Amino acid sequence: MPAFLTHKTMKCGIVGLPNVGKSTLFNCLSNAKAQSANFPFCTIEPNVGVITVPDERLIRLGELCHPERGIIPTTVEIVDIAGLVKGASQGEGLGNKFLANIRETDAIIHVLRCFDDDNVVHVDGTVDPIRDKEVIEAELQLKDLETIESRIQKTEKQAKAGGDKQAKLALEVMQRYQEVLSQGKNARTVTLESKDEEAIARELFLLTNKPVMYVCNVDERSAISGNAYVEQVREAVREEDAQVLVLAAKTESEIAELETYEERQMFLEEMGLHESGCNRLIKSAYALLNLRTFLTAGSDEVRAWTFRAGWKAPQCAGVIHTDFEKGFIRAEVIKYEDYISLGGEAACRAAGKLGVEGKEYVVQDGDIMHFLFNV
């Protein structure tokens, strides 16, 4: 199997200042099983959970195939990282633990408090999501700057000593990061111009180079359209390659506690929402990691499989089993929409809607795949 799938589940870290709703959000996600019986949650450690990615396509396929072993969704790991305080980069509070935990994640879910409530004390006394954002980012930037300056010292010697072209390129990339970080900007704002530069950047493991989604935690009245705080956040991140998601964590926790699916849907409809914020967040986190899903469907099971956007058929075959990739011959592909509208594989074959693809086929999200291989 591809390394990122065999060795670890892709992991999103939830970060934020104390009392912004970070743990409330994590607890909502921990009750994600209440959103639908098909999408369970399990806790690995008190602050780590494996959350299945909601995918309505699986339910539709299950209704057609009646699989004996049932439906198996795909997953993302969510980590509730200890609240950060100013000075974390120098070890203040749980700073070192915070920074170590965030380094291990693949993407960041940054929770910002966008609600007023006199009963919930803010660590800095007033509600200001932009200030909160800047406090956390400043600490991450300082740590990244420390990392870059340490690496520059070593790389400069290599670049000068042996005329090493790769070392010179690495030095140029690091100096660009150094300049941006020194200006109080995130590493992800640096534009990389080649695959070699992208490879150098990956090896630096910079905290502010990770993809980020800002979650604006609002009051119930602002759950649909947001509020003035949310608009401030959207304006502040306009130049970043970042998502903004609006969610009322307290309300989400109330929804998650309802016993039946029908009760939860009624609650959502009363609020004017079609889908819970938790479900939207999980789907967005999956997309943030640049992940996609292909499907397998039959009388034994209906299953979702994770792959990276842009992968070709043999790589996706390897997600199921390494032998599938090694001995890949071809893939049979049915588009999800055709499978549903025609009523199954046999009907798709008869209608000429089953495609036979080779090694260069780039798998699309929602493709229903059957791999032929020889070992």
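It should be noted that the structure appears before, not after, this text.
Conventions and cut-offs
Residues numbered from 1 in each chain as written. Predicted model: local features only at pLDDT ≥ 70, side-chain atom pairs only at ≥ 80, totals over all residues. Heavy atoms only, no water. Axes fitted to C-alpha atoms, helices over the stretch in contact; angles between N-to-C directions. Helix = DSSP H or I, 4+ residues; strand = E, 2+ residues; numbered from the N terminus. Parallel < 35°, antiparallel > 145°, perpendicular 65-115°, else oblique. Left-handed = near helix turned anticlockwise from the far one by under 90°. Contact = heavy atoms within 4.5 Å. Phe/Tyr/Trp six-rings, centres within 6.5 Å; stacked < 30°, edge-to-face > 60°. Buried < 20%, exposed > 50% of the residue type's maximum accessible area, 1.4 Å probe, protein only. Lys NZ or Arg CZ within 6 Å of the ring centre and 35° of its normal. Expected span 1.5 Å × (residues − 1). Core = buried A, V, L, I, M, F, W, Y, C linked by side-chain atoms within 4.5 Å. Salt bridge = Lys/Arg side-chain N within 4 Å of Asp/Glu carboxyl O.

Undergrad: Tell me what's going on with the packing of helix H9 (residues 249-257) against helix H10 (residues 261-271), and back it up with residues and numbers.
TA: Interhelical geometry of H9 versus H10 gives an angle of 150° and a closest axis separation of 8 Å. Viewed along their axes, H9 and H10 adopt a mutual orientation that is roughly antiparallel. With respect to the hand of their crossing, H9 and H10 are arranged in right-handed fashion. In this structure, H9 uses Thr251, Glu254 and Ile255 to contact H10, whose residues at the interface are Arg264, Phe267, Leu268 and Met271.

Undergrad: With reference to specific residues and values, describe the packing of helix H6 (residues 165-182) against helix H7 (residues 195-204).
TA: The description of two packed helices rests on the angle between their axes and on the distance between the axes. It is the contact of H6 with H7, at a shortest axis distance of 10 Å, that shows an interaxial angle of 65°. Classed by the angle they form, the pair H6 and H7 counts as roughly perpendicular. In the packing of H6 onto H7, the handedness of the crossing is right-handed. For the pair formed by H6 and H7, the contact residues are Gln166, Leu169, Ala170, Val173, Met174, Arg176 and Tyr177 on the first element and Asp196, Glu197, Ile200, Ala201 and Leu204 on the second.

Undergrad: Pulling in residues and values, what's your account of the packing of aromatic side chains?
TA: The way to describe two aromatic rings as a pair is by their centre distance and the angle between their planes. Taken as a whole and judged by the stated rule, the model has 5 aromatic pairs. Measuring from centroid to centroid gives 5.8 Å for Phe294 and Phe371, while their planes differ by 85°, and the two rings are edge-to-face. One end of the pair, Phe294, is in strand S9 (residues 291-297); the other, Phe371, is in strand S13 (residues 368-373), and 77 residues separate them in sequence. On the basis of relative accessibility, which here comes to 7%, the residue Phe371 falls in the buried class. Members of the aromatic cluster, each reached through a chain of ring pairs, are Phe294, Trp305, Phe307, Phe328 and Phe371. The aromatic ring of Phe115 is capped on one face by Arg113, whose charged end is 4.4 Å from the ring centroid. Positioned above the aromatic ring of Trp305, the side-chain terminus of Arg303 is 4.1 Å from the ring centre.

Undergrad: Give me H6: which residues, what numbers.
TA: The end-to-end C-alpha separation of H6 is 26 Å, in line with the 26 Å expected for 18 residues at 1.5 Å each. Here H6 has its buried residues at Ala167, Leu169, Ala170, Leu171, Val173, Met174, Tyr177, Val180 and Leu181. Trailing H6 by a residue or two, Gly184 shows a phi angle of about 75°, which is positive.

Undergrad: Run through the nonpolar core, naming residues and quoting values.
TA: Judged by nonpolar contacts, the single largest core of 60 residues is most densely connected at Leu29, Ile78, Ile109 and Val215. Look past the residues within four positions of Ile109 in its chain and what remains in contact with it is Cys12, Gly13, Ile14, Val15, Ile78, Met213, Val215, Leu281 and Ala285. Counting 19 residues, the second-largest nonpolar core is a separate cluster that includes Ala167, Met174, Tyr177 and Leu206.

Undergrad: How would you summarise the pattern of salt bridges if you had to cite specific residues and measurements?
TA: Under the counting rule described, the total for this entry stands at 20 salt bridges. Close ionic contact of Asp219 with Arg221 constitutes a salt bridge, the shortest N to O distance being 3.7 Å. The exposure class of Asp219 is partly exposed, given its relative accessible area of 21%. Judged by its relative accessible area of 78%, Arg221 falls in the exposed class. Residue Arg349 pairs with Glu332 through a salt bridge whose shortest N-O separation is 2.8 Å. In this pair, Arg349 is assigned in helix H15 (residues 345-350) and Glu332 in strand S11 (residues 328-334), connecting sequence segments 17 residues apart. Judged by its relative accessible area of 42%, Arg349 falls in the partly exposed class.

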